[in-house]
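So you can see what is in the structure, the chains are spelled out below.
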Amino acid sequence: MRGRTRTGRRRARTGRWSGRRTDMAVKDRDRFSTATRIRLLGEQTAARVYRSQTRRQARRSRLTGRAALLALVMCSLIVALAYPMREYVSQRAEIDDLRQEQQEARQRVERLRDQKARWQDDAYAEQQVRQRLHYVMPGETGFIVVDPHAAKQSRTDLGAADRPWYSNVWDGVDKSDASGQ
C-alpha cells in the first residue's frame, strides 16, 4: 500500500494526471491514510452497533421461538390436564356424596335395629297396639274422648294419617257405596 501511495504522490507531483486524476489521487491518499481508516472503522462500528441495538430491541419486543415453543407446550399441558382434573374433582365430590349417604344409611340401620329390639319387648308391642289400634284388654272399658272443636270439622277434613284406621276403612266403604247409586 505504501508503494501505491508513493507512486500516486509522484504522479501527482509530476502532473501526469489531469485535474480529475489529481483529485482521485488525493482521495486515494485520504482513503489509505491512518486517520481516514480509523474514522471509517469508527463509523462502520457505530453503524454495526446501531444496527445490532435495533435488532436486539426488535428481538426483545417480538416473541422468540423458544418462548413460543414454551407457550405452546404449556397450553398443550393445560388442555391435556383439564379433563382429567375435572373428572378427578367430580369423582371426589361423588365419593363425598356416597360417604354421606353411607353414613345416613348406617344411622337408619341403627334406628331400625333399635326399633326392632323395642318391638321384641311385649310391653312395647302392647302399648303400640293400644295407642294405634285403640284396643283394650279384656275387662277394660274403652273410651274415646272427642275434642269439642273437632265436632265443627267434618270427618273428611281430617287427614287420613290423623284419623284411626277404621275411620279410613268406613269412609272408603261409604264412598264406594255412594258412587254405586
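Reading the values: rules and limits
Residues numbered from 1 in each chain as written. Predicted model: local features only at pLDDT ≥ 70, side-chain atom pairs only at ≥ 80, totals over all residues. Heavy atoms only, no water. Phe/Tyr/Trp six-rings, centres within 6.5 Å; stacked < 30°, edge-to-face > 60°. Buried < 20%, exposed > 50% of the residue type's maximum accessible area, 1.4 Å probe, protein only. Patch = residues over 30% accessible without salt bridge, like charges linked within 9 Å, V, L, I, M, F, W, Y side chains within 5 Å. Areas by Shrake-Rupley, 256 points an atom, 1.4 Å probe, with all protein chains shown as cover. Salt bridge = Lys/Arg side-chain N within 4 Å of Asp/Glu carboxyl O. Helix = DSSP H or I, 4+ residues; strand = E, 2+ residues; numbered from the N terminus. Polar contact = N/O pair within 3.5 Å; in protein donor to acceptor, adjacent residues only side chain to side chain. UniProt positions renumbered as here; feature names shortened; annotations may be inferred. Axes fitted to C-alpha atoms, helices over the stretch in contact; angles between N-to-C directions. Parallel < 35°, antiparallel > 145°, perpendicular 65-115°, else oblique. Contact = heavy atoms within 4.5 Å. Nonpolar A, V, L, I, M, F, W, Y, C, P; charged D, E, K, R; others polar.

S.K.: Quick one: what's the story with the packing of aromatic side chains, residue by residue and with numbers?
M.R.: According to the stated counting rule, one finds two aromatic pairs in the structure shown. Here W119 and Y124 contribute two aromatic rings whose centre-to-centre distance is 5.4 Å and whose plane-to-plane angle is 80°, an arrangement assigned as edge-to-face. For W119, a relative accessible area of 34% gives the class partly exposed. Using a relative accessible area of 17% as the deciding quantity, one classes Y124 as buried. Taking the centre distance of 6.0 Å and the plane angle of 80° together, the rings of W165 and Y166 count as edge-to-face. The exposure class assigned to W165 is partly exposed, which follows from its relative accessible area of 43%. Exposure remark for Y166: the relative accessible area of 27% places this residue in the partly exposed category.

S.K.: Which residues make up a nonpolar patch on the surface, and what values do they have?
M.R.: Taken together, L69, L70, L72, V73, M74, L77, L81, M85, Y88 and V89 make up a surface patch of nonpolar side chains, about 1000 Å² in accessible area. Position of V73 relative to the elements: it lies in helix α4 (residues 65–120).

S.K.: Just give me the short version of the side chain of D171, but keep the residues and values in it.
M.R.: Relative to the elements of secondary structure, D171 occurs in helix α6 (residues 165–179). D171 gets classed as buried once you look at its relative accessible area, which sits at 8%. A polar side-chain atom of D171 sits 2.3 Å from a polar atom in the side chain of R163.

S.K.: Could you give an account of the UniProt feature "transmembrane region" (unreviewed entry) in the protein, with specific residues and numbers?
M.R.: Within this numbering scheme, the UniProt entry marks residues 63–83 as carrying the feature "transmembrane region" (unreviewed entry). Between the first and last C-alpha atoms of residues 63–83 the distance is 29 Å; the span itself is 90% helix and 0% strand.

S.K.: So what about the packing of α4 against helix α5 (residues 122–133)? Which residues, and what values?
M.R.: As a packed pair, α4 and α5 sit with axes 5 Å apart at the nearest point and diverge in direction by 90°. For the element pair α4 / α5, the angle class is roughly perpendicular. Between α4, through R118, W119 and Q120, and α5, the contact on the second element is made entirely by D122, Y124, A125, Q128 and R132. Taken together, the residues of the contact of α4 with α5 sort by class into three nonpolar, two polar and three charged.

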